[in-house]
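# Tertiary structure, described
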Amino acid sequence: MLLPGVLGAAGRAPPPTRAVMVGQARGEDPAALLRAGQRWLAAGNFENAVRVFRRLTETAPDARAWYYLGVALLESGEFADAAAALRRAASLGPPGGNPAVAHSLGTALLRGGDSGEAVRVLQEAATRHPGNAPILLQLGYAHYTRLEGEAAREVLGRAVELSPDDPLARFYLGMAEAALGELEPATRSFREAARLAPDLLDARVALARTLSQRGLEDEARTGYAAVLAAEPAWPPALVGLAMLDLQAGDAEAAVAGFEAALAAEPAQRQALYNLAAALARLGRLEEAAEVRERFREAASNAPEPGRSLARTASRPRR
């Protein structure tokens, strides 16, 4: 699951310090390095961004330089190094802490698999900055990945109160509510997330899934079909429709739907698991056994971090 945003999500980067004079003495312009690194970061070239920001930390080793290096490393997937850089930024920052640094550090820890430390860092930041909705959103998501449903719902509810027009806050609140079995509140949260961000297809799929769980199959089908009209081969919607076919007793249609999802995403575990069931229902036992083996292989290769309260998690693609 893609975590709520990183750069610029929780506050401004730390301001420059007198260390810029050190860089000027060494013959490199820290301001020029900062601008260059920011351009690479904005362009999505994280390798070059890391290289430039490393030079910046050598030239002007202040909190801002370490912060940007940490963000670039985080975007590069180097989570341990990102956390180290962001801790360095925090040590050089103001006594009360900078929310942008804490937000990114919590993200790095969470993506690196240390969800317990991520909760500690984000909780401390939320205590210091109680009105910072992005930090609450990230903290709620951290609780969510740890299967701490009540805590996730409480924190995400506070995030929604502070930022009612944030579709991700609504979406994750709905995920926590659905996982706790609170399907009607989850339906409301997903509807609002989809209204606020119609292109957030995960919210629309989550809404259709929740409607299906509530026995509203026709409305669920309409929701899945609308998602597929926007993105025809999107696996979560294909799987959702196939699940409805399987529940309705149409195993042939279900097989076609699961196979379409697997054509787009060969290791889609929900599609594999239920395709095996549909094939077995049709008496195609050898094929079902082969698909079950593919499912076991996909499950064994799945990363452990990022597990969710729900059996299947929607993930915002942005």
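This one's a predicted model, so the numbers in the text were calculated from it and none came from an experiment. (Residues numbered from 1 in each chain as written. Predicted model: local features only at pLDDT ≥ 70, side-chain atom pairs only at ≥ 80, totals over all residues. Heavy atoms only, no water.)

## Points about the overall build of the chain
Per the secondary structure count, the chain includes 17 helices and zero strands. Residue burial in the chain is summarised as follows: out of 318 residues, 46% are buried. Counted over contacts in the chain with a minimum sequence separation of 6, partners at least 24 positions apart contribute 57%. Counting only carbon and sulfur atoms, one obtains 51% of the accessible surface of the chain, whose full area is about 14900 Å². (Helix = DSSP H or I, 4+ residues; strand = E, 2+ residues; numbered from the N terminus. Buried < 20%, exposed > 50% of the residue type's maximum accessible area, 1.4 Å probe, protein only. Contact = heavy atoms within 4.5 Å. Areas by Shrake-Rupley, 256 points an atom, 1.4 Å probe, with all protein chains shown as cover.)

## Some words on helix 10 (residues 167-179)
Between its first and last C-alpha, helix 10 extends 18 Å over 13 residues, near the 18 Å set by a 1.5 Å rise per residue. Among the 13 residues of helix 10, 11 are classified as buried, and the element is accordingly described as predominantly covered. For helix 10, the full list of buried residues reads Pro167, Leu168, Ala169, Arg170, Phe171, Tyr172, Leu173, Gly174, Met175, Ala176 and Glu177. Each element contacted by the buried residues of helix 10 is listed here: helix 8 (133-145), helix 9 (149-162), helix 11 (183-196) and helix 12 (201-213). The N-capping residue of helix 10, defined by a side-chain oxygen 3.0 Å from the backbone nitrogen of Leu168, is Asp166. Gly181 sits one or two residues past helix 10 and shows a positive phi near 85°. (Expected span 1.5 Å × (residues − 1). Polar contact = N/O pair within 3.5 Å; in protein donor to acceptor, adjacent residues only side chain to side chain.)

## Side note on the packing of aromatic side chains
Aromatic ring pairs: the centre-centre distance and the angle between the two ring planes describe each pair. On inspection of all chains with the given rule, the structure shows seven aromatic pairs. With 5.2 Å between their ring centres and 70° between their planes, Tyr67 and Tyr68 make a pair best called edge-to-face. When its relative accessible area of 11% is taken as the criterion, Tyr68 is described as buried. Ring centres 6.0 Å apart and planes at 50° place the aromatic pair Phe171 and Phe190 in the tilted group. Taken together, the residues span a long stretch of sequence, with Phe171 in helix 10 and Phe190 in helix 11 at a distance of 19 residues. On the basis of relative accessible area, Phe171 is assigned to the buried category, the value being 0%. Owing to a relative accessible area of 1%, Phe190 belongs among the buried residues under this scheme. Cluster of aromatic residues (ring-pair linked, three or more members): Tyr141, Tyr144, Phe171, Tyr172 and Phe190. (Phe/Tyr/Trp six-rings, centres within 6.5 Å; stacked < 30°, edge-to-face > 60°.)

## Details of the nonpolar core
Counting residues in each nonpolar core, the largest one holds 94 residues, and the members touching the most others are Phe53, Tyr67, Phe171 and Phe258. Discounting chain neighbours no more than four positions away, the residues touching Phe258 are Val239, Ala242, Met243, Leu246, Ala271, Asn274 and Leu275. (Core = buried A, V, L, I, M, F, W, Y, C linked by side-chain atoms within 4.5 Å.)

## A short note on the confidence of the model for the chain
Across the chain, the average pLDDT comes to 88, with 86% of residues at or above 70. Helix 11 holds the highest mean pLDDT among the elements of the chain, 98, whereas helix 1 (residues 19-25) holds the lowest, 40. Confidence drops under a pLDDT of 50 for residues 16-26, and excluding neighbours within four residues, the segment shows 16 contacts in the predicted structure. Counting interchain partners and residues more than four positions distant, the pLDDT-below-50 stretch residues 304-318 has 47 contacts. (pLDDT = per-residue confidence, 0-100.)

## Some details on helix 11
Compared with an ideal rise of 1.5 Å per residue, which puts 14 residues at 20 Å, helix 11 spans 20 Å between its outermost C-alpha atoms and is within 8% of the ideal. Among the residues of helix 11, Ala186, Thr187, Ser189, Phe190, Ala193 and Ala194 are the ones counted as buried. Along the axis of helix 11, the buried residues cluster in a sector spanning 170°; they form a single face. Exposed residues on helix 11 whose side chains face more than 90 degrees from its buried face are Arg188 and Arg195. In this fold, the buried residues of helix 11 make contact with helix 10 and helix 12. (Arc of directions from axis to C-beta.)

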